[in-house]
Amino acid sequence: MEELNAAMTSSVIAFEAFGALSDEECFPRIQAARSRLGKRAVILCHHYQRAEVYQFADMTGDSLRLSRLASQTEAEFIVFCGVHFMAEAADIMTKPHQKAILPDLAAGCSMADMANLAKVGRCWRELGSIIDTENRVTPVTYINSAADLKAFCGEHGGIVCTSSNADKVLRAAFEQREKILFFPDQHLGRWTGHTMGIPLDRMPVWDPDLEMGGLGADEIRDAKILLWKGHCSVHQMFQPEHIQAFRKRHPDGFVISHPECAFEVCRQSDHVGSTDHIAKTLREAAPGTRWLVGTELNLVNRLAEEIKSEGKIAQFMAPLVCMCSTMQRIDPQHLLWVLENLVEGNIVNRITVPGHEAALARRALERMLALP
Ligand code: 13P
Ligand code: SF4
(Lines give C-alpha, C1' and ligand atoms only; values in the text may rest on other atoms or scores of the structure.)
(Ligands and ions follow the chains in the order given, each with its own letter.)
Protein backbone atom coordinates (compact mmCIF):
# COMPACT_ATOMS: atom_id res chain seq x y z
CA MET A 1 0.00 0.00 0.00
CA GLU A 2 2.81 2.38 0.90
CA GLU A 3 4.55 1.49 -2.36
CA LEU A 4 1.37 2.30 -4.23
CA ASN A 5 1.07 5.67 -2.48
CA ALA A 6 4.69 6.45 -3.27
CA ALA A 7 4.08 5.63 -6.92
CA MET A 8 1.02 7.86 -6.84
CA THR A 9 2.90 10.96 -5.87
CA SER A 10 5.87 10.31 -8.14
CA SER A 11 4.29 9.49 -11.48
CA VAL A 12 0.72 10.68 -11.82
CA ILE A 13 -0.04 11.28 -15.47
CA ALA A 14 -1.47 14.80 -15.83
CA PHE A 15 -4.78 15.31 -17.60
CA GLU A 16 -3.40 17.93 -20.04
CA ALA A 17 -2.16 15.33 -22.51
CA PHE A 18 -5.63 13.75 -22.68
CA GLY A 19 -7.73 16.86 -23.26
CA ALA A 20 -6.62 17.16 -26.89
CA LEU A 21 -7.39 13.53 -27.82
CA SER A 22 -10.38 12.81 -30.03
CA ASP A 23 -12.99 10.34 -28.81
CA GLU A 24 -11.84 7.88 -31.47
CA GLU A 25 -8.27 8.07 -30.22
CA CYS A 26 -9.49 7.35 -26.69
CA PHE A 27 -11.63 4.30 -27.46
CA PRO A 28 -8.92 1.66 -28.16
CA ARG A 29 -6.80 2.97 -25.30
CA ILE A 30 -9.76 2.74 -22.86
CA GLN A 31 -10.31 -0.82 -24.04
CA ALA A 32 -6.63 -1.67 -23.55
CA ALA A 33 -6.43 -0.10 -20.07
CA ARG A 34 -9.68 -1.77 -19.11
CA SER A 35 -8.41 -5.22 -20.04
CA ARG A 36 -5.10 -4.65 -18.27
CA LEU A 37 -6.97 -3.84 -15.07
CA GLY A 38 -9.18 -6.94 -15.42
CA LYS A 39 -11.25 -7.77 -12.35
CA ARG A 40 -9.47 -5.15 -10.27
CA ALA A 41 -11.72 -2.46 -11.76
CA VAL A 42 -15.39 -2.13 -12.48
CA ILE A 43 -16.98 0.67 -14.52
CA LEU A 44 -20.45 1.66 -13.29
CA CYS A 45 -22.49 3.95 -15.54
CA HIS A 46 -25.68 5.84 -14.81
CA HIS A 47 -28.31 5.83 -17.58
CA TYR A 48 -27.67 9.51 -18.27
CA GLN A 49 -24.09 8.95 -19.38
CA ARG A 50 -23.26 9.87 -22.94
CA ALA A 51 -23.05 6.99 -25.44
CA GLU A 52 -19.28 7.39 -25.90
CA VAL A 53 -18.77 6.52 -22.23
CA TYR A 54 -21.77 4.24 -21.67
CA GLN A 55 -20.39 1.71 -24.18
CA PHE A 56 -17.59 0.88 -21.69
CA ALA A 57 -19.90 0.15 -18.75
CA ASP A 58 -19.56 -3.16 -16.93
CA MET A 59 -22.81 -2.39 -15.14
CA THR A 60 -25.50 0.20 -15.67
CA GLY A 61 -28.58 1.30 -13.78
CA ASP A 62 -30.54 3.91 -11.90
CA SER A 63 -29.31 5.30 -8.60
CA LEU A 64 -30.77 2.46 -6.53
CA ARG A 65 -29.38 -0.31 -8.72
CA LEU A 66 -25.97 1.36 -8.87
CA SER A 67 -25.80 1.77 -5.09
CA ARG A 68 -26.66 -1.91 -4.67
CA LEU A 69 -24.08 -2.92 -7.29
CA ALA A 70 -21.44 -0.77 -5.60
CA SER A 71 -22.19 -2.41 -2.26
CA GLN A 72 -21.85 -5.89 -3.81
CA THR A 73 -18.78 -5.60 -6.02
CA GLU A 74 -15.46 -7.00 -4.90
CA ALA A 75 -13.47 -4.87 -7.36
CA GLU A 76 -10.67 -2.78 -5.91
CA PHE A 77 -11.43 0.23 -8.13
CA ILE A 78 -14.99 1.41 -8.75
CA VAL A 79 -14.86 3.86 -11.61
CA PHE A 80 -18.15 5.72 -11.30
CA CYS A 81 -19.40 7.32 -14.48
CA GLY A 82 -22.11 9.40 -12.88
CA VAL A 83 -22.09 12.33 -10.49
CA HIS A 84 -20.35 13.10 -7.22
CA PHE A 85 -23.04 11.88 -4.79
CA MET A 86 -23.08 8.49 -6.55
CA ALA A 87 -19.33 8.01 -6.13
CA GLU A 88 -19.66 9.10 -2.48
CA ALA A 89 -22.39 6.51 -1.92
CA ALA A 90 -20.11 3.90 -3.51
CA ASP A 91 -17.30 4.84 -1.15
CA ILE A 92 -19.64 4.68 1.85
CA MET A 93 -20.98 1.26 0.89
CA THR A 94 -17.70 -0.45 0.03
CA LYS A 95 -14.88 -1.92 2.11
CA PRO A 96 -11.89 0.22 3.12
CA HIS A 97 -9.55 -1.35 0.53
CA GLN A 98 -11.97 -0.47 -2.30
CA LYS A 99 -11.67 2.90 -3.99
CA ALA A 100 -14.40 4.93 -5.65
CA ILE A 101 -13.20 7.10 -8.53
CA LEU A 102 -15.08 9.89 -10.29
CA PRO A 103 -13.41 10.58 -13.67
CA ASP A 104 -14.18 14.33 -13.51
CA LEU A 105 -14.48 15.96 -10.09
CA ALA A 106 -16.62 18.73 -11.60
CA ALA A 107 -19.42 16.22 -12.16
CA GLY A 108 -21.67 17.38 -9.33
CA CYS A 109 -25.45 17.64 -9.12
CA SER A 110 -27.04 21.07 -8.95
CA MET A 111 -30.03 19.67 -7.09
CA ALA A 112 -27.82 18.03 -4.45
CA ASP A 113 -26.15 21.42 -3.96
CA MET A 114 -29.50 23.00 -3.05
CA ALA A 115 -29.29 21.52 0.45
CA ASN A 116 -26.32 21.59 2.77
CA LEU A 117 -25.65 20.58 6.34
CA ALA A 118 -25.69 24.13 7.72
CA LYS A 119 -29.13 24.82 6.25
CA VAL A 120 -30.61 21.43 7.14
CA GLY A 121 -29.20 21.75 10.67
CA ARG A 122 -30.79 25.18 11.03
CA CYS A 123 -34.08 23.84 9.69
CA TRP A 124 -33.97 21.01 12.24
CA ARG A 125 -33.33 23.45 15.08
CA GLU A 126 -36.10 25.79 13.96
CA LEU A 127 -38.54 22.91 13.62
CA GLY A 128 -37.45 21.81 17.08
CA SER A 129 -38.74 25.08 18.53
CA ILE A 130 -42.27 24.10 17.39
CA ILE A 131 -42.35 20.30 17.53
CA ASP A 132 -40.44 17.46 19.12
CA THR A 133 -38.36 16.63 16.04
CA GLU A 134 -36.52 13.61 17.44
CA ASN A 135 -39.78 11.82 18.22
CA ARG A 136 -42.11 13.20 15.57
CA VAL A 137 -40.08 13.92 12.40
CA THR A 138 -38.09 11.52 10.23
CA PRO A 139 -35.52 13.20 8.00
CA VAL A 140 -35.49 11.59 4.55
CA THR A 141 -32.86 12.52 2.03
CA TYR A 142 -33.01 11.78 -1.66
CA ILE A 143 -29.84 9.94 -2.64
CA ASN A 144 -29.02 13.06 -4.69
CA SER A 145 -27.41 14.71 -1.67
CA ALA A 146 -24.01 15.09 -0.06
CA ALA A 147 -22.67 12.43 2.29
CA ASP A 148 -22.95 14.70 5.34
CA LEU A 149 -26.71 14.97 4.78
CA LYS A 150 -26.98 11.20 4.59
CA ALA A 151 -25.00 11.16 7.84
CA PHE A 152 -27.47 13.67 9.32
CA CYS A 153 -30.28 11.25 8.48
CA GLY A 154 -28.33 8.33 9.89
CA GLU A 155 -27.84 10.22 13.14
CA HIS A 156 -31.46 11.33 13.50
CA GLY A 157 -33.24 8.06 12.75
CA GLY A 158 -33.66 9.00 9.11
CA ILE A 159 -33.19 7.23 5.85
CA VAL A 160 -32.14 7.68 2.21
CA CYS A 161 -34.47 7.15 -0.74
CA THR A 162 -34.10 7.04 -4.51
CA SER A 163 -36.68 7.76 -7.15
CA SER A 164 -37.47 4.06 -7.44
CA ASN A 165 -38.18 3.36 -3.78
CA ALA A 166 -39.42 6.71 -2.42
CA ASP A 167 -42.92 5.35 -1.69
CA LYS A 168 -41.59 2.39 0.29
CA VAL A 169 -39.18 4.62 2.17
CA LEU A 170 -41.86 7.18 3.03
CA ARG A 171 -44.23 4.45 4.21
CA ALA A 172 -41.49 3.02 6.44
CA ALA A 173 -40.74 6.52 7.76
CA PHE A 174 -44.40 7.15 8.59
CA GLU A 175 -44.57 3.89 10.51
CA GLN A 176 -41.89 5.30 12.77
CA ARG A 177 -42.86 8.96 13.15
CA GLU A 178 -45.80 11.08 12.04
CA LYS A 179 -43.96 13.69 9.93
CA ILE A 180 -41.22 13.72 7.33
CA LEU A 181 -38.65 16.38 6.46
CA PHE A 182 -37.82 15.59 2.84
CA PHE A 183 -34.79 17.07 1.05
CA PRO A 184 -33.55 18.25 -1.38
CA ASP A 185 -36.09 17.53 -4.17
CA GLN A 186 -39.51 18.99 -3.47
CA HIS A 187 -40.95 17.37 -6.61
CA LEU A 188 -40.06 13.78 -5.77
CA GLY A 189 -41.36 14.33 -2.24
CA ARG A 190 -44.59 15.95 -3.37
CA TRP A 191 -45.34 13.38 -6.06
CA THR A 192 -44.64 10.48 -3.72
CA GLY A 193 -46.76 12.00 -0.95
CA HIS A 194 -49.56 12.62 -3.43
CA THR A 195 -49.55 8.98 -4.60
CA MET A 196 -49.89 8.00 -0.94
CA GLY A 197 -53.00 10.17 -0.62
CA ILE A 198 -51.50 13.10 1.30
CA PRO A 199 -53.25 16.37 0.38
CA LEU A 200 -51.03 19.02 -1.20
CA ASP A 201 -51.77 21.53 1.54
CA ARG A 202 -50.24 19.15 4.08
CA MET A 203 -46.95 19.17 2.18
CA PRO A 204 -45.76 22.78 2.52
CA VAL A 205 -42.45 23.93 1.04
CA TRP A 206 -39.64 24.77 3.46
CA ASP A 207 -37.60 27.63 2.01
CA PRO A 208 -34.16 27.34 3.63
CA ASP A 209 -33.40 31.00 2.94
CA LEU A 210 -36.29 32.25 5.05
CA GLU A 211 -36.72 32.23 8.78
CA MET A 212 -38.78 29.19 9.83
CA GLY A 213 -38.70 28.14 6.20
CA GLY A 214 -41.25 30.87 5.50
CA LEU A 215 -43.91 28.82 7.31
CA GLY A 216 -46.17 29.60 10.22
CA ALA A 217 -46.25 27.44 13.35
CA ASP A 218 -49.69 26.04 12.46
CA GLU A 219 -48.56 25.05 8.96
CA ILE A 220 -45.63 23.19 10.50
CA ARG A 221 -47.82 21.45 13.10
CA ASP A 222 -50.30 20.46 10.41
CA ALA A 223 -47.72 19.27 7.86
CA LYS A 224 -47.27 15.60 7.00
CA ILE A 225 -44.27 16.20 4.74
CA LEU A 226 -42.10 19.32 4.82
CA LEU A 227 -40.67 19.66 1.32
CA TRP A 228 -37.28 21.27 0.92
CA LYS A 229 -37.23 23.99 -1.73
CA GLY A 230 -34.95 22.19 -4.20
CA HIS A 231 -35.36 20.89 -7.72
CA CYS A 232 -33.56 19.44 -10.73
CA SER A 233 -32.99 22.07 -13.38
CA VAL A 234 -32.96 19.44 -16.15
CA HIS A 235 -36.39 18.06 -15.26
CA GLN A 236 -37.84 21.56 -14.79
CA MET A 237 -37.61 22.01 -18.55
CA PHE A 238 -40.55 19.68 -19.09
CA GLN A 239 -43.92 21.42 -19.04
CA PRO A 240 -47.57 20.30 -19.05
CA GLU A 241 -47.99 22.12 -22.40
CA HIS A 242 -45.53 19.67 -23.98
CA ILE A 243 -47.77 16.81 -22.91
CA GLN A 244 -50.92 18.55 -24.12
CA ALA A 245 -49.39 19.24 -27.57
CA PHE A 246 -48.28 15.60 -27.83
CA ARG A 247 -51.70 14.27 -26.87
CA LYS A 248 -53.35 16.48 -29.48
CA ARG A 249 -51.08 15.15 -32.24
CA HIS A 250 -50.94 11.57 -30.98
CA PRO A 251 -54.10 10.75 -29.02
CA ASP A 252 -53.06 7.08 -28.80
CA GLY A 253 -49.58 7.91 -27.50
CA PHE A 254 -48.31 7.39 -23.96
CA VAL A 255 -46.48 9.75 -21.64
CA ILE A 256 -43.87 8.69 -19.11
CA SER A 257 -41.97 11.02 -16.77
CA HIS A 258 -39.35 10.96 -14.06
CA PRO A 259 -40.65 12.01 -10.61
CA GLU A 260 -38.15 14.89 -10.53
CA CYS A 261 -40.52 16.60 -13.00
CA ALA A 262 -42.95 19.22 -11.71
CA PHE A 263 -46.17 17.97 -10.12
CA GLU A 264 -48.41 18.91 -13.04
CA VAL A 265 -46.16 17.06 -15.51
CA CYS A 266 -46.28 13.92 -13.35
CA ARG A 267 -50.05 14.28 -12.91
CA GLN A 268 -50.63 14.45 -16.66
CA SER A 269 -48.33 11.49 -17.40
CA ASP A 270 -49.53 7.92 -17.86
CA HIS A 271 -46.53 6.56 -15.97
CA VAL A 272 -44.07 8.11 -13.52
CA GLY A 273 -40.89 6.37 -12.41
CA SER A 274 -37.15 6.16 -12.09
CA THR A 275 -34.79 5.87 -15.03
CA ASP A 276 -34.79 2.06 -14.64
CA HIS A 277 -38.57 2.09 -14.61
CA ILE A 278 -38.69 4.25 -17.73
CA ALA A 279 -36.28 1.93 -19.57
CA LYS A 280 -38.20 -1.19 -18.51
CA THR A 281 -41.59 0.27 -19.46
CA LEU A 282 -40.42 1.25 -22.94
CA ARG A 283 -38.69 -2.08 -23.53
CA GLU A 284 -41.80 -4.00 -22.50
CA ALA A 285 -44.28 -1.74 -24.33
CA ALA A 286 -46.37 -3.15 -27.16
CA PRO A 287 -44.84 -2.94 -30.63
CA GLY A 288 -45.87 0.12 -32.60
CA THR A 289 -46.53 2.32 -29.56
CA ARG A 290 -45.40 5.95 -29.32
CA TRP A 291 -43.99 7.47 -26.14
CA LEU A 292 -43.31 10.98 -24.91
CA VAL A 293 -40.52 10.75 -22.35
CA GLY A 294 -39.74 13.33 -19.65
CA THR A 295 -36.19 12.62 -18.61
CA GLU A 296 -32.61 13.35 -19.66
CA LEU A 297 -31.83 13.28 -23.38
CA ASN A 298 -29.01 10.70 -23.44
CA LEU A 299 -31.32 8.06 -21.98
CA VAL A 300 -34.21 8.99 -24.26
CA ASN A 301 -31.98 8.81 -27.36
CA ARG A 302 -30.57 5.44 -26.31
CA LEU A 303 -34.03 4.00 -25.68
CA ALA A 304 -35.40 5.43 -28.93
CA GLU A 305 -32.63 3.66 -30.83
CA GLU A 306 -33.12 0.43 -28.95
CA ILE A 307 -36.89 0.10 -29.41
CA LYS A 308 -37.23 1.36 -32.96
CA SER A 309 -36.80 -2.12 -34.46
CA GLU A 310 -40.15 -3.03 -32.89
CA GLY A 311 -41.75 -0.01 -34.49
CA LYS A 312 -41.86 1.84 -31.16
CA ILE A 313 -41.13 5.54 -30.98
CA ALA A 314 -39.64 7.35 -27.98
CA GLN A 315 -39.83 11.11 -28.24
CA PHE A 316 -38.12 13.62 -25.97
CA MET A 317 -40.57 15.78 -24.03
CA ALA A 318 -38.99 19.23 -24.35
CA PRO A 319 -38.44 21.12 -27.61
CA LEU A 320 -35.01 22.21 -26.32
CA VAL A 321 -32.00 19.99 -25.80
CA CYS A 322 -31.72 19.38 -22.07
CA MET A 323 -28.91 17.18 -20.98
CA CYS A 324 -27.56 17.00 -17.48
CA SER A 325 -24.47 19.15 -17.97
CA THR A 326 -22.71 17.62 -14.98
CA MET A 327 -23.28 14.01 -16.10
CA GLN A 328 -21.91 15.17 -19.47
CA ARG A 329 -18.62 16.09 -17.84
CA ILE A 330 -17.63 12.44 -17.85
CA ASP A 331 -16.15 12.04 -21.30
CA PRO A 332 -13.87 9.44 -22.92
CA GLN A 333 -10.84 11.65 -22.24
CA HIS A 334 -11.42 11.67 -18.46
CA LEU A 335 -12.31 7.99 -18.40
CA LEU A 336 -9.09 7.16 -20.25
CA TRP A 337 -7.07 9.41 -17.95
CA VAL A 338 -8.23 7.69 -14.74
CA LEU A 339 -7.88 4.19 -16.24
CA GLU A 340 -4.35 4.72 -17.59
CA ASN A 341 -3.33 6.17 -14.25
CA LEU A 342 -4.71 3.08 -12.52
CA VAL A 343 -2.71 0.87 -14.87
CA GLU A 344 0.38 2.85 -13.79
CA GLY A 345 -0.51 2.41 -10.13
CA ASN A 346 -1.82 5.97 -9.63
CA ILE A 347 -5.22 6.66 -8.17
CA VAL A 348 -6.55 9.97 -9.40
CA ASN A 349 -9.91 11.52 -8.49
CA ARG A 350 -10.58 9.18 -5.60
CA ILE A 351 -13.73 10.10 -3.66
CA THR A 352 -13.47 9.51 0.06
CA VAL A 353 -15.96 10.19 2.80
CA PRO A 354 -14.43 10.69 6.27
CA GLY A 355 -14.88 7.62 8.51
CA HIS A 356 -17.21 9.08 11.13
CA GLU A 357 -19.46 10.63 8.49
CA ALA A 358 -19.41 7.47 6.38
CA ALA A 359 -20.49 5.33 9.35
CA LEU A 360 -23.56 7.51 9.99
CA ALA A 361 -24.38 7.82 6.29
CA ARG A 362 -24.09 4.04 5.92
CA ARG A 363 -26.80 3.64 8.57
CA ALA A 364 -29.22 5.69 6.49
CA LEU A 365 -28.28 3.91 3.26
CA GLU A 366 -28.49 0.48 4.86
CA ARG A 367 -31.95 1.26 6.23
CA MET A 368 -32.98 1.93 2.64
CA LEU A 369 -31.26 -1.14 1.17
CA ALA A 370 -32.83 -3.35 3.87
CA LEU A 371 -36.35 -2.48 2.67
CA PRO A 372 -37.85 -5.27 0.58
P1 13P B 1 -32.64 7.63 -11.01
O2 13P B 1 -31.62 7.10 -11.95
O3 13P B 1 -32.53 7.02 -9.68
O4 13P B 1 -34.01 7.52 -11.58
O5 13P B 1 -32.38 9.17 -10.77
C6 13P B 1 -32.11 10.01 -11.77
C7 13P B 1 -31.26 11.09 -11.32
O8 13P B 1 -31.61 12.07 -10.81
C9 13P B 1 -29.92 11.04 -11.49
O10 13P B 1 -29.68 12.31 -11.26
FE1 SF4 C 1 -28.73 16.19 -10.58
FE2 SF4 C 1 -30.76 16.68 -12.22
FE3 SF4 C 1 -28.39 15.99 -13.21
FE4 SF4 C 1 -29.88 14.20 -11.92
S5 SF4 C 1 -30.38 15.18 -13.84
S6 SF4 C 1 -27.67 14.55 -11.67
S7 SF4 C 1 -30.84 15.51 -10.36
S8 SF4 C 1 -28.86 17.86 -12.03
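A brief report on the enclosed structure follows. Please read these numbers as outputs of a predicted model, since none were measured by experiment.

Rules used throughout
Residues numbered from 1 in each chain as written. Chains lettered and ligands numbered in written order. Predicted model: local features only at pLDDT ≥ 70, side-chain atom pairs only at ≥ 80, totals over all residues. Heavy atoms only, no water. Buried < 20%, exposed > 50% of the residue type's maximum accessible area, 1.4 Å probe, protein only. Helix = DSSP H or I, 4+ residues; strand = E, 2+ residues; numbered from the N terminus. Pairing = 2+ DSSP bridges. Right-handed = clockwise from strand over helix to strand, strands pointing away. Near = heavy atom within 4 Å. Nonpolar A, V, L, I, M, F, W, Y, C, P; charged D, E, K, R; others polar. Contact = heavy atoms within 4.5 Å. Polar contact = N/O pair within 3.5 Å; in protein donor to acceptor, adjacent residues only side chain to side chain.

1. Considering the pairing of strand β9 (residues 225-228)
- Of the two faces of β9, both are covered, the one formed by I225 and L227 as well as the one formed by L226 and W228.
- For strand β7 (residues 179-183) and β9, the ladder comprises 3 bridges, and the chain directions are parallel. Within β9, the position partnered with L181 by the bridge is L226.
- Note: strand β8 (residues 205-206) against β9, 2 bridges, orientation parallel. Each bridged residue has a counterpart across the sheet, and for V205 the counterpart in β9 is L227.
- Considered for its hand, the β-α-β crossover made up of β8, helix α12 (residues 217-222) and β9 is right-handed.

2. Observations regarding the site of ligand 2
- In the region of ligand 2, the neighbouring residues are Y48, V83, C109, S110, M111, N144, C232, E260 and C324.
- For the shell around ligand 2, the per-class residue count stands at 6 nonpolar, 2 polar and 1 charged.

3. A closer look at the side chain of T326
- Structurally, the position occupied by T326 is in the loop between β13 (313-316) and α17 (332-343).
- Discounting residues that sit within four places of it in the chain, T326 has contacts with V83, A106, A107, G108 and C109.

4. Regarding the site of ligand 1
- Lining the immediate surroundings of ligand 1 are H46, Y48, D62, S63, M86, Y142, N144, S163, H258, E260, S274 and T275.
- S63 places a side-chain nitrogen or oxygen 2.8 Å from an oxygen atom of ligand 1.
- Within the side chain of H258, a nitrogen or oxygen atom sits 2.8 Å from an oxygen atom of ligand 1.

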